[in-house]
Amino acid sequence: MRYYLIAGEASGDLHASRLMMALKEQDAAAEFRFYGGDLMQSAGGVRVKHYRELAYMGFVPVLLHLPTILRNMKQAKRDIVAWQPDVVILVDYPGFNLDIAKYVKKHTNIPVYYYISPKIWAWKEYRIKNIKRDVDELFSILPFEVEFFEGKHHYPIHYVGNPTADEVKEFLVESGARPKDACYQRDARKRKVEGGKRKEIKPIIALLAGSRKQEIKDNLPTMIQAAKKFEQDYELVLAGAPSIDDAYYNQFIAGTNVRLVKNQTYQLLSEAHAALVTSGTATLETALFRVPQVVCYETPLPRLIGWLRKKVLKVKYISLVNLIADREVVRELVADTFTLDNISHELEVILSDPQREQMLKGYEDVWARLGKENAPRNAARIMIELLGKTSV
């Protein structure tokens, strides 16, 4: 079978690559053509364009690159029609992908599947009309989305489990690392022998500042400033996004004691004592590694955005941790609450045992609610069944 996939950013590249491998396991004749990244490339197939040429965030960057975005959309539409796949699989990235879905549905008979459903429960709920019209099958990785789509909007979806939970479990098994418990955390300061002398190793405060340049620019400087207060007792380590050059990070960490690591986020989280995290999948990853965290997200016009958040957003929380738990497990500092003093204070709070243990208990609820295991394999099986093919 011929599968055409479109992923527009780093997380989509990861999840799409896992789905591609699962499809290959169950369909020996699988062929892939895609917009995506290096991970999808390693899974096999023909890459039409790298996601780095698609990933623009924020009103001004999108406006400045609008001709490029429109050109990429036009190219993708032409390429899908020319290749005639058995199915188009869209992975997150709704601003681009919903436009592709509309075109494919209107101009072809190719079914459109959406893997990792658009987060319209947060905002732009009106897009449900487009989804109902243009998307044949929707595959969700967040358990609370079932009630939103099926209960509220009477649109049946497939909850297949959460791939991030699968990836964390896989890392823990393969690396021999273990999720941290309260006893481990209290003994976070360790010693090692180096040159015949015992050297103290500081516990780590991890900094996860997002995967896009605009997010990093907005959030990282204040995150570093807040964490510096604790650098005498803790090591500050920044998780670099694979798509961002070291030189971009260096402008923010030059002259500081922050250490940059690339392609080692899970290893970092397996060792971290606490974390400052920009909202997104990283908040869930941090929770699944049982690392107490503060969620930080700076916005322009913070007071206005803070007011709009209360009036426009359809949900109480922005972090996946709190959304899945359906209560405040981690503190969210967003818009008008994103301040240096607030971040420093909340970080200090989670460095203490009582607050840490309370948050770790909340993380257990998140694990339990995620439920099903092996999301890519579940999704691949359902897709192949729906397309009328038997497993190989």
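Placed above this text is the structure.
Residues numbered from 1 in each chain as written. Predicted model: local features only at pLDDT ≥ 70, side-chain atom pairs only at ≥ 80, totals over all residues. Heavy atoms only, no water.

1. A word on the sheet that holds strand S11 (residues 235–240)
In spatial order, the strands read S12-S11-S10-S13-S14-S15; together these six strands make up an open sheet with parallel pairing. Strands at the two margins of the open sheet, each flanked by one partner only, are strand S12 (259–262) and strand S15 (331–334). Averaged over neighbouring strand pairs, the angle between their axes works out to 25° when direction is ignored. The sheet contact formed by S11 and S12 spans four bridges and is parallel. Bridged to Val237 within S12 is Arg259. Across the sheet, helix H13 (residues 281–288) is in contact with strand S10 (204–208), strand S13 (272–278) and strand S14 (293–297); its angle to S13 comes to roughly 165°. (Pairing = 2+ DSSP bridges. Helix = DSSP H or I, 4+ residues; strand = E, 2+ residues; numbered from the N terminus. Axes fitted to C-alpha atoms, helices over the stretch in contact; angles between N-to-C directions. Contact = heavy atoms within 4.5 Å.)

2. Concerning the nonpolar core
Judged by nonpolar contacts, the single largest core of 129 residues is most densely connected at Tyr3, Leu5, Ile89 and Tyr115. Contact partners of Ile89, with chain neighbours within four places excluded, come to Tyr3, Tyr4, Leu5, Ile6, Leu19, Leu23, Tyr113, Tyr115 and Met383. (Core = buried A, V, L, I, M, F, W, Y, C linked by side-chain atoms within 4.5 Å. Buried < 20%, exposed > 50% of the residue type's maximum accessible area, 1.4 Å probe, protein only.)

3. Let's talk about unusual backbone geometry
Within the chain, Ile116 stands out as a residue other than glycine whose phi angle is a positive 75°. Relative to the helices and strands, Ile116 is located in the loop between strand S5 (112–115) and helix H6 (128–134). Not every positive phi belongs to a glycine, and His154 is a case in point at roughly 55°. Checked against the element boundaries, His154 lands in the loop between helix H7 (145–152) and strand S7 (158–159).

These values are about where atoms sit, not about what they do.
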